[in-house]
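Breakdown of the fold
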Amino acid sequence: MEYDKKVRAPLLKKIQAAMSQRRFEHVLGVEKAALFLAEKYGASQEKASIAALTHDYAKERPDEDFKKIILDYGYDLDLLNWNNAIWHGVIGAKLVEIELGITDESILQAIRLHTTGAAQMTLLDKIIYVADYIEPGRDIPGIEKARAIAKKDLDEAVAYETKHTLAHLIEIHAPVYPKTIETYNRWVAKKR
Ligand code: GDP
Ligand code: FE
Ligand code: FE
Ligand code: FE
């Protein structure tokens, strides 16, 4: 396929150069899971591939890189109070745009939302959010259940992942990013 030679191969090189071997293998696992979900739920294979390959592009960057982008591009200064866990998606998308030349807004949004989810998510956003969680290399408690749900109902997989991520954050007394709570309220909480 042209995509593989013209787009994917050069992208893969840049991504591999930006991270450890371990993280690179995670990224390849996310691509595999994302392609499976894109096929199953009818999303673009190419967009799923590009978003998966780039979703953690900025994960190993020093904090200073993120702080500089926040200041230079006029992001909400409250972001300075957060850390790599939040920055590598929200601000990482900007680094993907600048450094890898990816301008497709639907891909950039999927990168931006991949850690926290959002109340409003497109099919591609859900695919990357879930693929990141269920990729073959991940070993988290309840992962087999998450994989089984993802094969049946993508929205339910979003809910399962959100509930377990939030429970984990609370367990370890981590600060919860407001968007994570919005995701919980939309996809997990019972309406009343
Ligand atoms: P990874 O980049 O493939 O390791 O996975 P993610 O991007 O999904 O998550 C990165 C880290 O952010 C994980 O340790 C999550 O538990 C954590 N995380 C997710 N949501 C939040 C949040 O609301 N607050 C904080 N502090 N961490 C979060
Ligand atoms: Fe990530
Ligand atoms: Fe995730
Ligand atoms: Fe990831």
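Shown above is the structure to which this text applies.
Presented here is an overview of the structure given in this document. (Residues numbered from 1 in each chain as written. Chains lettered and ligands numbered in written order. Predicted model: local features only at pLDDT ≥ 70, side-chain atom pairs only at ≥ 80, totals over all residues. Heavy atoms only, no water.)

Quick notes on the overall build of the protein chain
Secondary structure summary: the protein chain contains 11 helices and zero strands in total. Helices (α) and strands (β) of the protein chain occur, in sequence order from the N terminus, as α-α-α-α-α-α-α-α-α-α-α. Taken against the 2.2 N^0.38 rule, which gives 16 Å for 192 residues, the C-alpha radius of gyration of the protein chain at 16 Å falls within 12% of a compact globule. The principal-axis extent of the C-alpha atoms belonging to the protein chain is close to 50 × 40 × 30 Å. Residues counted as buried form 45% of the 192 residues belonging to the protein chain. (Helix = DSSP H or I, 4+ residues; strand = E, 2+ residues; numbered from the N terminus. Rg over C-alpha atoms; globule rule 2.2 N^0.38 Å. Buried < 20%, exposed > 50% of the residue type's maximum accessible area, 1.4 Å probe, protein only.)

Focus: the site of ligand 1
Lys59, Thr115, Arg138, Pro175 and Thr180 are the nearest of the 16 residues found near ligand 1. The contact in question runs from an oxygen atom of ligand 1 to an N or O atom on the side chain of Arg138, over 2.8 Å. Calculation on ligand 1 without its partners gives an accessible area of 580 Å², and the protein chains cover 82% of this total. Looking at the shell around ligand 1, the elements that each hand over two or more residues are α2 (21–41) and α5 (84–90). (Near = heavy atom within 4 Å. Polar contact = N/O pair within 3.5 Å; in protein donor to acceptor, adjacent residues only side chain to side chain. Areas by Shrake-Rupley, 256 points an atom, 1.4 Å probe, with all protein chains shown as cover.)

Notes on the coordination of the iron ion (ligand 2)
Binding of the iron ion (ligand 2) to the protein goes through Asp56 (OD), His88 (NE2) and His114 (NE2), at separations of 2.1 to 2.2 Å. Taken as a pair, the iron ion (ligand 2) and the iron ion (ligand 3) show a spacing of 5.6 Å. Of this pair, His88 sits in helix α5 while His114 is found in the loop between α7 (105–113) and α8 (123–134), placing the two residues 26 residues apart along the sequence. (Donors = N, O, S within 2.8 Å, 3.2 Å for Na, K, Ca; no water.)

Remarks on the packing of aromatic side chains
Given two aromatic rings, one states the distance between the centres and the angle between the planes to describe the pair. According to the stated counting rule, one finds two aromatic pairs in the structure shown. Aromatic pair Trp82 and Tyr177: ring centres 4.8 Å apart, planes at 85°, arrangement edge-to-face. Placement of Trp82 in the loop between α4 (63–72) and α5 and of Tyr177 in the loop between α10 (154–171) and α11 (178–187) is noted, with a sequence separation of 95 residues between them. When its relative accessible area of 17% is taken as the criterion, Trp82 is described as buried. Positioned above the aromatic ring of Trp187 is the side chain of Arg186, whose terminal nitrogen or guanidinium carbon lies 3.9 Å from the ring centre. (Phe/Tyr/Trp six-rings, centres within 6.5 Å; stacked < 30°, edge-to-face > 60°. Lys NZ or Arg CZ within 6 Å of the ring centre and 35° of its normal.)

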